[in-house]
Amino acid sequence: MGGFRVYNEFMYNPNTTFNPALPYAVVCDSAPHENSVFKTLDECWGLCLDLSEEYGYSEVWHGKCLMGSYKNGQ
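Presented here is a report on the structure given in the accompanying data block. Residues take numbers from 1 onward in each chain, read along the sequence in its written order. Where local features are concerned, this predicted model is filtered to residues with pLDDT of at least 70; where side-chain atom pairs are given and counted, the filter is 80 or more; whole-chain, interface and lining totals use all residues. Heavy atoms from the whole structure form the basis of all side-chain values; hydrogens and water molecules are not counted.

## Let's talk about the packing of aromatic side chains
Thinking step 1. Any two of the Phe, Tyr and Trp rings considered here, Trp counted by its six-membered ring, make a pair once their centres fall within 6.5 Å; the pair's planes then place it as stacked at under 30 degrees, edge-to-face at over 60, or tilted in between. Enumeration over the complete set of coordinates arrives at one aromatic pair.
Thinking step 2. A centroid spacing of 6.1 Å and a plane angle of 85° characterise the contact between tryptophan 45 and tyrosine 70, whose relative ring orientation is edge-to-face. One end of the pair, tryptophan 45, is in helix H1 (residues 44-55); the other, tyrosine 70, is in strand E4 (residues 65-71), with 25 residues separating them in the sequence.
Thinking step 3. The rule is simple: take the accessible area with a 1.4 Å probe, protein chains only, and divide by the maximum for that residue type; under 20% is buried, over 50% is exposed, in between is partly exposed. Accessibility expressed as a relative area gives 25% for tryptophan 45, which makes it partly exposed.
Thinking step 4. Overall, the relative accessible area of 23% leaves tyrosine 70 in the partly exposed class. Only DSSP runs of H or I reaching four residues or more are called helices, and only runs of E reaching two or more are called strands; each is numbered from the N terminus.

Quick look at the structure:
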């Protein structure tokens, strides 16, 4: 009898596969007008920190993957 495989190495999973074409996004739910998109991860952290200090919380996303967040500047 053969086995049923749900996932193998040939399937594409956008949640675990790095895609350099996707931009990095700084997201602040309290101030959606401040949300911004950057080409590199290094460019995001300064704005993310500033938004968390001003609005309480902000996140950095790459596609559907949360890269990190700040809460109240920490």
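## Overview of the sheet that holds E4
Thinking step 1. Any two strands between which DSSP finds at least two bridges are classified as paired. Strand order across the open sheet formed by four strands is E2-E1-E3-E4, with antiparallel pairing between neighbours. If you trace the sheet from one side to the other, it starts and ends with strand E2 (36-38) and E4, each paired once. For this sheet the average axis-to-axis angle between neighbouring strands, irrespective of direction, equals 20°.
Thinking step 2. Pairing between strand E3 (residues 57-62) and E4: six bridges, direction antiparallel. Residue pairing in the sheet places tyrosine 57 in a bridge with lysine 71 of E4.
Thinking step 3. In this description, contact between two residues means that some pair of their heavy atoms is separated by no more than 4.5 Å. Helix axes are fitted to C-alpha atoms over the stretch in contact, other axes to C-alpha atoms as well, and angles between N-to-C directions run from 0 to 180 degrees. Seen against the sheet, H1 touches strand E1 (24-27), E2, E3 and E4 and runs at an angle of roughly 155° to E3.

Nothing here speaks to function; it is geometry throughout.
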